[in-house]
Amino acid sequence: MEFGSEGIKYLLLVNSGAAVAVLAFHGSVAAVRDMVWPKVMLGFFVVGVILIGALHIARYRGVHSLFRDWQSSVNKYFIDVLDWLDIVNDDAAKARKLSWALYFAYASFACFVIGAGIGMFNFSTLTNGDNHVGKEAITTSATSASNTSTPAEQQDGRGAEKPLSNAEHASTPTNTKEKVAP
């Protein structure tokens, strides 16, 4: 029983932890929000958590049913309707019928493995191609730098300096170095 309980705790921990990690990943990386595979991966982890809940329900109902039947059998034993050996054999047969509940645990583990596999094989799409986060940042910085103007270019026709618009302020990098002519 202890190994089973530890296994269930493990499955709940890895599936729920993975689901939280994927949600945090969705929130922190904008490029991921439009992709399908992170949502599918999250779905597998959530289904894994739900399966553990279903396993708890199945275990509770099974033990409750065994206990109720045991009480009924013991009452029949005391009124000499059943023999003790019949009670024990019936109880053992009923306990074997509950082994189907383990399939919830197997399915939960399969959900974790599939979700982790999806993440492992698709994570590389974030580091190459159009979805590369670093590439987007570099492209944005280069575009912003090309839109900046020198103080001479910021002057209007009368030689007075014209103020930058809000859009120009937002696109101007704050840590650019001005080129000084020799």
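Residues numbered from 1 in each chain as written. Predicted model: local features only at pLDDT ≥ 70, side-chain atom pairs only at ≥ 80, totals over all residues. Heavy atoms only, no water.

**Looking at a nonpolar patch on the surface**
Quick note on the threshold: Patches here: salt-bridge-free residues with over 30% relative accessible area, like charges joined within 9 Å, nonpolar side chains (Val, Leu, Ile, Met, Phe, Trp, Tyr) joined within 5 Å. All accessibility values rest on the Shrake-Rupley procedure with a 1.4 Å probe; residue burial counts only the protein chains present in the view. When a carboxyl oxygen of Asp or Glu is within 4 Å of a side-chain nitrogen of Lys or Arg, the pair counts as a salt bridge. Three exposure classes are used, based on accessible area relative to the maximum for each residue type with a 1.4 Å probe and protein chains only: buried under 20%, partly exposed in between, and exposed over 50%.
Nonpolar side chains collect at one region of the surface, where Trp100, Leu102, Tyr103 and Tyr106 lie side by side and expose about 510 Å² of accessible area between them. By relative accessible area, Trp100 is classed as partly exposed at 44%.

**Brief notes about the confidence of the model for the chain**
Detailed conclusions should not be drawn from predicted coordinates in areas where pLDDT is low. In plain terms, the rule: What pLDDT reports is the predictor's confidence in each residue, on a scale of 0 through 100. In this description a helix means any DSSP run of H or I spanning at least four residues, a strand means any run of E spanning at least two, and both kinds are numbered starting from the N terminus. Contacts are assigned to residue pairs that have any heavy atoms within 4.5 Å of one another.
Taken as a whole, the chain shows an average pLDDT of 76; of its residues, 69% reach a score of 70 or greater. Ranking the elements of the chain by mean pLDDT puts helix α5 (residues 133-147) last, at 48, and helix α4 (residues 102-122) first, at 93. When the criterion is pLDDT under 50, residues 149-154 qualifies, and its contacts beyond four places in sequence or with other chains add up to seven contacts. Here residues 176-180 is a poorly scored stretch, pLDDT under 50, and it has zero contacts once near neighbours within four places are set aside; other chains count.

**Some remarks on the pattern of salt bridges**
Within this structure, the stated rule accounts for one salt bridge. Here Glu6 and Lys9 are joined by a salt bridge, their closest N and O atoms 3.6 Å apart. Here the residue Glu6 and the residue Lys9 both occupy positions in helix α1 (residues 2-28), the gap between them amounting to three residues, near one helical turn.

**Some remarks on the packing of helix α2 (residues 37-78) against helix α3 (residues 84-96)**
Which entries qualify depends on this criterion: Helix axes are fitted to C-alpha atoms over the stretch in contact, other axes to C-alpha atoms as well, and angles between N-to-C directions run from 0 to 180 degrees. Angle categories: roughly parallel below 35 degrees, roughly antiparallel above 145, roughly perpendicular from 65 to 115, and oblique for all the rest. For this classification, the nonpolar set comprises Ala, Val, Leu, Ile, Met, Phe, Trp, Tyr, Cys and Pro, the charged set comprises Asp, Glu, Lys and Arg, and every other residue, Gly included, is treated as polar.
Two numbers describe how α2 lies on α3: the axes approach to 10 Å, and their chain directions differ by 170°. With respect to α3, the element α2 is oriented roughly antiparallel. Contacts between α2 and α3 involve Leu66, Asp69, Trp70, Ser73, Val74 and Tyr77 from the first element and Trp84, Ile87, Asp91, Lys94 and Ala95 from the second. Its residues assigned to classes, the contact of α2 with α3 shows seven nonpolar, one polar and three charged.

**Re the packing of α2 against α4**
When two helices pack together, their arrangement is given by the angle between the helix axes and by the axis-to-axis distance. Keep this limit in mind: Two helices crossing with the near one rotated counterclockwise from the far one by less than a right angle form a left-handed crossing, whereas a clockwise rotation gives a right-handed crossing.
In contact at an axis separation of 8 Å, α2 and α4 are set at 165° when each is read in the N-to-C sense. Relative to α4, α2 is oriented roughly antiparallel. Both α2 and α4 take part in a crossing whose hand is left-handed. Residue-level contacts link Trp37, Val40, Met41, Phe44, Phe45, Val47, Gly48, Leu51, Ile52, Ala54, Leu55 and Ala58 of α2 to Phe104, Ala105, Ala107, Ser108, Cys111, Phe112, Ile114, Gly115, Ala116, Ile118, Gly119 and Asn122 of α4. Broken down by class, the residue content of the contact of α2 with α4 amounts to 19 nonpolar, five polar and no charged.

**A short note on α2**
Quick reminder of the rule: For a helix, the expected span equals 1.5 Å multiplied by the residue count minus one.
Compared with the 62 Å implied by 1.5 Å per residue over 42 residues, the 61 Å span of α2 between its first and last C-alpha is a close match. Once α2 ends, the next one or two residues include Asp80, with phi positive near 60°.

**Re the packing of aromatic side chains**
In plain terms, the rule: The aromatic pairing rule takes the rings of Phe, Tyr and Trp, using the six-membered ring of Trp, and pairs them if the centres are within 6.5 Å, calling planes under 30 degrees apart stacked, those over 60 edge-to-face and the rest tilted.
Taken as a whole and assessed by the stated rule, the structure comprises seven aromatic pairs. Judged by centre distance (5.9 Å) and plane angle (40°), the rings of Phe45 and Phe112 are tilted. Residue Phe45 is located in helix α2, and its partner Phe112 is located in helix α4; the two are separated by 67 residues in the primary sequence. Given the relative accessible area of 3%, Phe45 is considered buried. Ring geometry for Tyr103 against Tyr106: centres 6.0 Å apart, planes inclined by 70°, an arrangement best described as edge-to-face. Taken as a pair, Tyr103 and Tyr106 lie in helix α4 at a separation of three residues, close to a single helical turn. Overall, the relative accessible area of 53% leaves Tyr106 in the exposed class. An aromatic cluster is defined as three or more aromatic residues linked by ring pairs; in this entry it consists of Trp70, Tyr77, Phe78 and Trp84.

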